Amino acid sequence: MRILLGVSGGIAAYKVAIVLRQLREQGHRVRVIPTDAALEFVGRATWEALSGEVVTTTVFEGTEQVDHVRLGREADLMVVAPATADLLSRAATGRADDLLTTTLLTVTCPVLLAPAMHTEMWAHPATRANVATLRERGVHVLDPAVGRLTGADSGAGRMPEPEEIVAAALALRKRAAGEGATGSDVPSGTGSLHGRTVAVSAGGTREALDPVRFLGNRSSGRQGVELARVAAQRGATVHLAAANVDSALLPDGVTVHPVESTAELQATMTALAADADVLVMAAAVADFRPAQSAGTKTKKRADGSVAPIELVQNPDILAGLVAARRPAQVIVGFAAETGDEHGSVLEHGRAKARRKGADLLAVNAVGQDAGFGDVPNAVHLLDSAGEQVGAASGTKHEVAEGIWDAVGTLLSERSTTGRGHAAAPRTGTVGS
Ligand code: C5P
């Protein structure tokens, strides 16, 4: 594949040498297009030596080949990392003041931007507007990671790790190629779910305190709904265990099982597991419930005192499904994580993937722009050993497509090798 790797002027440029190396090791031809500012961080010689190709920054070099047009026409994929606030601004407004921005105007291939900047710059309304504009145009803008920034400070704005950028970029290209090849809502090959039965949970469970009050969470159920919708579009028989999902969101063509509490969700998913080839636990399940639920509405006390609420732990439904699974059944879990001083989103996700034992754990960063509600999402797909086997980003529908691509690969590999869950294969990137 012919890949253009733009590099703009941020300190994270030094890590992009690893992105370049990984892409080259996978056999891709990579032309690096740095900005002049990027060369302040990592010199031309490094990019030329690692890529094996000439490196230029302006349209006044390589003029005999009209590089800015030729490069754009030949490219299968374009990645810009780090994408600084300045680069996002120039890309959003269509500036063409160096080779990188000019090429961004000539490419027709998928484009992935991996932003990196200080938290204040990422949060600034100007940057928010630029990111929204680019996403509306179909450019895939990753959310930056939360973690250590240039100096001692930390926050949202860290460039995603090189392997995450590589996985997201290759998954994007694969998805784009798949869409172009089939031109249909029902992709062929590993993407097809014809003849399969799947059960998806969505929404957030509610634990009753009394007949009118509950402990709940903010999950809208949109990601689970999109997973059910895409599975139905790909030909599966779909059961959706919907925990308090707004009925306007529910997709057509699936059997909906409304549930409210964790106990109801557990009973429903356990029953559906008997016939399902794939189980997806996308619901946000309450970890705790009140030890007692009052039969009548709890009244205020005359003396103004408030009774404490004693909580007990809920069962882990996903763990129960994993423990009881049938051979070749594929089980997918979700983990909403935030980075902190103990580790990045991915590090926390890896530990959870090993604990949970699902075939795939879709780890997403919550907070900033991603996660809850009608917002773009980005997930890392980890196997039960915590190894990253893919990534998916974009709208919740696009993320669902990426997850089903990865599940389709697992299903087809298991049906051809007869292997059960104990030997969950690596898939490289989503769907590959
Ligand atoms: O441990 P954590 O809540 O982050 O794990 C998230 C995953 O586990 C999700 O797939 C969620 O649906 C599932 N889960 C569950 N039962 C619980 C808690 C979470 O099935 N009690």
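Residues numbered from 1 in each chain as written. Predicted model: local features only at pLDDT ≥ 70, side-chain atom pairs only at ≥ 80, totals over all residues. Heavy atoms only, no water.

Q: So what about the pairing of strand β6 (residues 145–148)? Which residues, and what values?
A: On a regular strand, one side chain projects to one face of the sheet and the next to the other, so that they alternate. As paired strands, β6 and strand β7 (residues 154–158) are joined by four bridges and run antiparallel to one another. Note on β7: the bridge partner recorded for Arg148 is Ser154. Between β6 and β7, which pair antiparallel one after the other, the connecting turn spans five residues. (Pairing = 2+ DSSP bridges. Helix = DSSP H or I, 4+ residues; strand = E, 2+ residues; numbered from the N terminus.)

Q: Got a sec to walk through the nonpolar core? Specific residues and values, please.
A: Counting residues in each nonpolar core, the largest one holds 35 residues, and the members touching the most others are Leu227, Val280, Ile403, Trp404 and Val407. With eight residues, the top contributor of residues to this core is helix α14 (residues 396–417). In contact with Ile403, other than residues within four places in its own chain, are Leu227, Val332, Phe334, Ala362, Val379 and Leu381. Judged by nonpolar contacts, the second largest core, of 32 residues, contains Leu20, Val42, Leu77 and Leu170. (Core = buried A, V, L, I, M, F, W, Y, C linked by side-chain atoms within 4.5 Å. Buried < 20%, exposed > 50% of the residue type's maximum accessible area, 1.4 Å probe, protein only. Contact = heavy atoms within 4.5 Å.)

Q: Please set out the packing of helix α4 (residues 67–74) against helix α6 (residues 99–106) residue by residue, giving values where relevant.
A: Between two packed helices, what matters for the description is the angle formed by their axes and the separation of those axes. Remark: α4 packs on α6, axes separated minimally by 8 Å, with the N-to-C direction vectors making an angle of 50°. Accordingly, the angle class assigned to the pair α4 and α6 is oblique. The chirality of how α4 crosses α6 is right-handed. Contacts between α4 and α6 pair His68, Val69, Leu71 and Gly72 from the former with Leu99, Thr102, Thr103 and Thr106 from the latter. Taken together, the residues that form the contact of α4 with α6 break down as three nonpolar, five polar and no charged. (Axes fitted to C-alpha atoms, helices over the stretch in contact; angles between N-to-C directions. Parallel < 35°, antiparallel > 145°, perpendicular 65-115°, else oblique. Left-handed = near helix turned anticlockwise from the far one by under 90°. Nonpolar A, V, L, I, M, F, W, Y, C, P; charged D, E, K, R; others polar.)

Q: Lay out the side chain of Ser261 with the relevant residues and their values.
A: In this structure, Ser261 sits in the loop between β12 (255–259) and α11 (262–273). In terms of polar contacts, Ser261 uses its side chain to reach the backbone amide nitrogen of Glu264, at 3.2 Å. For Ser261, the residues in contact, after removing those within four places along its chain, are Thr205, Arg206 and Glu207. (Polar contact = N/O pair within 3.5 Å; in protein donor to acceptor, adjacent residues only side chain to side chain.)

Q: Tell me about the domain arrangement of the protein, and please be specific about residues and values.
A: On domain assignment, one finds that the protein holds domain 1 (2–181) and domain 2 (197–294 + 304–417). On a C-alpha basis, the centres of domain 1 and domain 2 stand 32 Å from each other. In this complex, domain 1 contributes 15 residues to the contact, which on the side of domain 2 involves 16 residues. Both faces considered, domain 1 and domain 2 share a buried interface measuring about 1,300 Å² in area, 51% of it formed by carbon and sulfur atoms. Counting every contact that joins domain 1 to domain 2 gives zero salt bridges. Secondary-structure elements contributing two or more residues to the side of domain 1 that touches domain 2 are α8 (125–136) and α9 (162–182). With six residues, α9 is the largest single contributor of residues to the side of domain 1 that touches domain 2. (Domains from an automatic or database assignment. Buried area = accessible area lost by both parts, 1.4 Å probe. Salt bridge = Lys/Arg side-chain N within 4 Å of Asp/Glu carboxyl O.)

Q: Before we move on, could you go through the sheet that holds strand β16 (residues 330–337) and cite the residues and values that matter?
A: The sheet built from eight strands is open, its strands ordered β12-β11-β8-β13-β16-β17-β18-β19 with mixed pairing. In this open sheet, the two edge strands, each paired with only one partner strand, are β12 and β19 (388–394). When strand polarity is set aside, the average angle formed by the axes of neighbouring strands in this sheet is 15°. In terms of strand pairing, strand β11 (residues 237–243) meets β12 through five bridges, oriented parallel.

Q: Lay out the site of the ligand in plain terms, naming residues and giving numbers.
A: Neighbouring the ligand are Met281, Ala283, Val285, Asp287, Pro315, Asp316, Ile317, Leu318, Gly333, Phe334, Lys352 and Lys356. Contact between the ligand and Met281: an oxygen atom at 2.7 Å from a main-chain N or O atom of the residue. The backbone of Ile317 places a nitrogen or oxygen atom 3.0 Å from a nitrogen atom of the ligand. Starting from 450 Å² of accessible surface for the ligand in isolation, the protein chains cover 87%. Those elements that place two or more of their residues in the shell around the ligand are α12 (317–323), β16 and α13 (345–356). Across the shell around the ligand, the residue classes tally to seven nonpolar, one polar and four charged. (Near = heavy atom within 4 Å. Areas by Shrake-Rupley, 256 points an atom, 1.4 Å probe, with all protein chains shown as cover.)

Q: So, the packing of aromatic side chains: which residues are in play, and what are the values?
A: Applying the stated rule across the entire model yields zero aromatic pairs. The cationic tip of Arg128 hangs over the ring face of Trp122; the distance from NZ or CZ to the ring centre is 4.4 Å. (Phe/Tyr/Trp six-rings, centres within 6.5 Å; stacked < 30°, edge-to-face > 60°. Lys NZ or Arg CZ within 6 Å of the ring centre and 35° of its normal.)

Q: An account of the sheet that holds strand β2 (residues 29–34) is needed here, citing residue identities and associated values.
A: Ordered in space as β2-β1-β3-β4-β5, the five strands form an open sheet in which the pairing is parallel. The open sheet has two edge strands, β2 and β5 (140–141), and neither has a second partner. In this structure, strand β3 (residues 77–83) lies alongside strand β4 (residues 111–115), joined through four bridges in parallel fashion. Bridge assignment links Ala83 to a residue of β4, and that residue is Pro115. Relative to the sheet, helix α1 (residues 13–25) contacts β1 (2–7), β2 and β3, its axis offset from that of β1 by approximately 175°.

Q: How would you explain the packing of helix α5 (residues 85–93) against α6 if you had to name every residue and give the values?
A: Where α5 meets α6, the closest approach of the two axes is 10 Å, and the angle between their N-to-C directions is 40°. The orientation of α5 relative to α6 falls into the category oblique. For α5 against α6, the interelement crossing comes out right-handed. For the pair formed by α5 and α6, the contact residues are Leu87, Arg90 and Ala91 on the first element and Leu100, Thr101 and Leu104 on the second. Looking at side-chain class alone, the contact of α5 with α6 contains four nonpolar, one polar and one charged residues.

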